[in-house]
Amino acid sequence: MPNTNDPNLRPRSAFPRQGASLSTEGLVLFDVVTTPVVITHLARPEIVYANVAARRLFELPEDNNQTRPTENYYADPLARSELIRRLQQDGEATNLEIEFVTYQGRRFWGLLSGQVTDFNGDDVVFASIVDISAQKAREVQLAQATEQLRTQAAATAQLNRELKNQRQVAITASRAKSDFLARMSHELRSPLNAILGFSEVIAEQVFGPEGVDRYEDYAKNIHEAGAHLLALINDILDLSKVEAGELQLTLEPIELKELIHGSVQLMTPMAEKRGVQLVVDLGRSPLSLVADRRRLRQMVMNVVSNAIKFTLAGGMVMITAHQEQASIVIDIADSGIGMTPDQIKIAMQPFGQVATESPYAQVGTGLGLPIVASLVELHGGTLNIQSTPNVGTTISLTLPKVR
């Protein structure tokens, strides 16, 4: 707070003074005024006079008619410094918002208007103070309400964005399921029609009793169609179990090389039929892990089947495996048509099928990779896809040696 030794406090003669001089005898007139009026020394933090309304506002004791240090009534000591600066500059201060502290310690906001004048030969500050605590409280409430509305508006906007995204996801999922149902109706009808047609020919002996050789071929066709139909249904059931969390693993120690060789042997006829070379390089070190044998074979065969399916005649599919710290990594690389990042996202979605130039790409349900990814995750592993259009694709299955 300023004091008489403050070098920044201008001498009395330099202060612009407003209004008439005041005297002790004239102060009695202010006691009937309802507006709080306070007179303080300009150079010293003392109250010279406070009328009845001011004494009530500042909660002063009835028997305290003496001066009191002004600085005690400012919640922020710098507030009086600002008041003095304004008075030094203009000789008066208008509507200055100041937070005060009463004699009882209660805080309130006051709107102060004052001026420098003469009182018994001294420079004093003659000021009126209006309690604006209610108004300030309303301003705070309004600011809080505005901030709350702003927060709610931001939350609503975020919710709208999320709803829009979810709607888009739902539309995409619905479209994917519609596409899946359309493909499934075709995929299921094809083997069923073959089964019904060939079995009808055999049952009615269309070619007579002597057409045994043709009936045997038709029986093989019926068997192939039934196997294909069963594979489609199994894919759907597997995905349903995984999504429902009902698929249980039967873990056991497995010699990986033996399993991979056995799986590749089953895929060899498919590769030969489509002119794709299968190469297996598993190194010399033993590779073993704890996993579900049937599901591990399913993972390998699904990925190898996809690799063959998306590799044109004359291409190659290579299966390698190696140990990496506490994990086994199985890499299945092909020299096929490859995929873009967007196509990889489609391929990893249930029912998603990538539109390609491969004549075999649309055979199946589009559930192979999503099922493999789920099975790898159930084993505590990860699936990674690296692919370049017109170059090829490498799918890596990383599985822990011990679950």
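Right, let's talk about the packing of aromatic side chains for a bit. Inspection of every chain in the model, using the stated rule, returns 6 aromatic pairs. When the ring of Phe58 is compared with that of Phe108, the centres are 5.5 Å apart and the planes differ by 75 degrees; the resulting orientation is edge-to-face. Placement of Phe58 in the loop between α1 (52-57) and α2 (78-90) and of Phe108 in strand β4 (residues 107-119) is noted, with a sequence separation of 50 residues between them. We classify Phe58 as buried; its relative accessible area is 7%. Among the aromatic residues, ring-to-ring pairing joins Phe58, Tyr73, Tyr74, Phe100 and Phe108 into one connected group.

Here we come to the packing of helix α6 (residues 293-309) against helix α8 (residues 368-378). Between α6 and α8, the least distance of the axes is 10 Å, while the angle of their chain directions is 145 degrees. In the packing of α6 onto α8, the handedness of the crossing is left-handed. Side by side, α6 and α8 meet where Arg295, Gln298, Met299, Asn302, Val303 and Asn306 of the first sit next to Gly368, Leu369, Ile371, Val372, Leu375 and Val376 of the second. Looking at the contact of α6 with α8, its residues break down into 7 nonpolar, 4 polar and 1 charged.

Glancing now at the sheet that holds strand β11 (residues 382-388). Overall, mixed pairing links the 5 strands, which are arranged β7-β9-β10-β12-β11 in an open sheet. Two strands lie at the open edges of the sheet, namely β7 (277-281) and β11, each paired on one side alone. Going across the sheet, the axis of each strand differs from the next one's by a mean of 15 degrees, ignoring polarity. Note that β7 and strand β9 (residues 316-324) share 5 bridges and pair parallel. Bridge pairing in β9 places Leu278 opposite Val317. With respect to the sheet, helix α5 (residues 256-273) is in contact with β7, β9 and β10 (327-334), its orientation differing from that of β7 by roughly 175 degrees.

Calculation criteria
Residues numbered from 1 in each chain as written. Predicted model: local features only at pLDDT ≥ 70, side-chain atom pairs only at ≥ 80, totals over all residues. Heavy atoms only, no water. Phe/Tyr/Trp six-rings, centres within 6.5 Å; stacked < 30°, edge-to-face > 60°. Helix = DSSP H or I, 4+ residues; strand = E, 2+ residues; numbered from the N terminus. Buried < 20%, exposed > 50% of the residue type's maximum accessible area, 1.4 Å probe, protein only. Axes fitted to C-alpha atoms, helices over the stretch in contact; angles between N-to-C directions. Left-handed = near helix turned anticlockwise from the far one by under 90°. Contact = heavy atoms within 4.5 Å. Nonpolar A, V, L, I, M, F, W, Y, C, P; charged D, E, K, R; others polar. Pairing = 2+ DSSP bridges.

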